[in-house]
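Structural description and commentary
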Amino acid sequence: MSIKIGVIGLGYVGLPLARLFATKYPVVGFDINQNRVNELNLGNDFTLEVSKELLQSVIVDRPLEKNGLFCSTNIDDIKECNYYIVTVPTPVDKNNRPDLTPLYKSSETVAKVLKKGDIVIYESTVYPGLTEEECVPVLEKNSGLKFNVDFFAGYSPERINPGDKEHTVEKILKITAGSTPEIGIKVNDLYNSVITAGTHLAPSIKVAEAAKVIENSQRDINIAFVNELAKIFNILEIDTHAVLEAAGTKWNFLNFKPGLVGGHCIGVDPYYLAQKAQEAGYHPEIILAGRRLNDSMGEYVASRVVKLMIKNEIPVNNSKLLMLGITFKENCPDVRNTKIVDVIAALKDYGIQIEIYDPWANPDEVKHEYKLVTTNVLPENKYDAIVLGVSHKEFINLDLSPLKKSKSIVYDVKGVLDNNQIDGKL
């Protein structure tokens, strides 16, 4: 039987994967956002993860007739697929509890077209056991088919790094797993056919799920450690970045920098592992301590900025501040779970008026997500304070002098500006 793939969800993860598979197989990319689908069929990707040239090279005008990618919101276009790959987000709610709504809804969608022999592969980051305990029952209930008899499941966690043009999907080794040993081999062979970096077949779906969720939890804990170091060294009036540079001369020192931990992975995934641990009767200490510390950094940065302003005799209430950047990371338009908004909220509590300049972020998306006004054009005003929140390439050599009043401060959250240009940094 020829392989026909349906990719459910065409965001930062789904689109690059669908594009890659489309170089070798007939692929339908399914998404509920009609505007997104229309743009993709024209060869335009607003996430900037796939170039216009690469996208146009695989787009076809009919589903599953030949190798290539057809994007659609019509469920009928995926009913002939035999592999379904779910790449929807796994967020947390306002109480930092896993929100499984996208997974439930996408599983219901797949179940409507599921046939005997089909394989459903999940890429979304989840806690160990979620695929088989939560997603599979939805597939069974809505399809009337029996798991591991009529249909099968697989898991291959995404390792996309938004904005990274060097470590693209095919160049990152892929973990794979299946609901039976035979299905594991099939899933592994499917990914191995397009992933040039190779694959690692895990012994079970639970192992693959756990491996993914600890990748980001480990990074979160390491960043929390250096964030705590930054707080200590700031009190001691020692340059944290100079300390890390010196310590980094040892071959096995882990090179992490202090900062705001946002985005759709590192700032979210540890909560999934913590939730599962608590359900099993264990209260995780290090994981949640790291989360608490990292979640407090927005307010900490704001307090540092305000102290610098007071030290330089700049009236804080009704002062004007320019925030450089609002995306969750540099050189990328992704604003999901950005912690810059925490800094902004804390600064506003001090009565500071804030303007936001980000050449990468979509102002409409920022307005919709955070009720904040941003601009893609550098303002011509003068400010009492300037905060570099994101190290976009446009900011590194930006001349800040025309933006400063006679008495102004510059604070560098990312530690990328020349020390002669700034008054303080994290």
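In what follows, the structure referred to is the one given above.
Per chain, residue numbering runs from 1 following the sequence as it is written. Per-residue local features of the predicted model are confined to residues with pLDDT of at least 70, and side-chain atom pairs are confined, for both listing and counting, to 80 or more; whole-chain, interface and lining totals are unaffected and use all residues. Hydrogens and water are ignored here; the side-chain numbers use all heavy atoms of the structure.

We now examine empty space enclosed by the protein. Put plainly, a pocket is an open set of points on a 1 Å grid over the protein atoms alone with protein on both sides within 12 Å along at least five of seven lines, a cavity is a set where a 1.4 Å probe fits but cannot get out, and a lining residue has an atom within 4 Å of a point. Grid points are joined across faces, edges and corners, and a volume is the space filled by probe spheres set on the points. In this structure the tally under the stated criterion is 2 cavities of 30 Å³ or more. Taken together, 14 residues make up the lining of the largest cavity; nearest its centre are Leu-260, Thr-327, Phe-328, Ile-340 and Gly-389. The classification used treats Ala, Val, Leu, Ile, Met, Phe, Trp, Tyr, Cys and Pro as nonpolar, Asp, Glu, Lys and Arg as charged, and all other residues, Gly among them, as polar. Along the lines of polarity and charge, the residues of the lining of the largest cavity split into 5 nonpolar, 5 polar and 4 charged. As for the second largest cavity, its lining consists of Arg-159, Ile-160, Val-169, Ile-172 and Lys-174. Looking at side-chain class alone, the lining of the second largest cavity contains 3 nonpolar, no polar and 2 charged residues.

Moving on, we come to the environment of Ile-223. Mapping Ile-223 onto the fold places it in helix α7 (residues 205-235). The classification of residues rests on relative accessible area computed with a 1.4 Å probe and restricted to protein chains. Under 20% of the type maximum is buried, over 50% is exposed, and intermediate values are partly exposed. With relative accessibility at 11%, the residue Ile-223 sits in the buried group. Placed 37 residues apart in sequence, Ile-223 and Leu-260 show a C-alpha to C-alpha distance of 8.9 Å. Two residues qualify as a contact provided that any one of their heavy atoms is within 4.5 Å of a heavy atom in the partner residue. Apart from residues no more than four positions distant in its own chain, Ile-223 is found in contact with Phe-256, Lys-257, Gly-259, Val-261 and Asn-294. In this text, helices come from DSSP runs of H or I with a minimum length of four residues, and strands from runs of E with a minimum of two, each type numbered from the N-terminal end.

Moving on to the pairing of strand β12 (residues 383-388). Of all 6 residues in β12, 6 are buried, a share of seventy percent or more. As paired strands, strand β9 (residues 320-324) and β12 are joined by 4 bridges and run parallel to one another. Across the sheet, residue Leu-324 finds its bridge partner in β12, namely Leu-388. In the sheet, β12 pairs with strand β13 (residues 404-412) via 5 bridges, with the strands oriented parallel. Paired with Val-387 across the strands is Tyr-411, a residue of β13. Only when DSSP finds a minimum of two bridges between them are two strands counted as paired.

In this model, Leu-64 sits at a positive phi of 65°, which is unusual for a non-glycine residue. One can find Leu-64 in the loop between α3 (52-58) and β3 (68-72). Phi at Lys-371 is positive, roughly 60°, even though this residue is not glycine. When its relative accessible area of 65% is taken as the criterion, Lys-371 is described as exposed.

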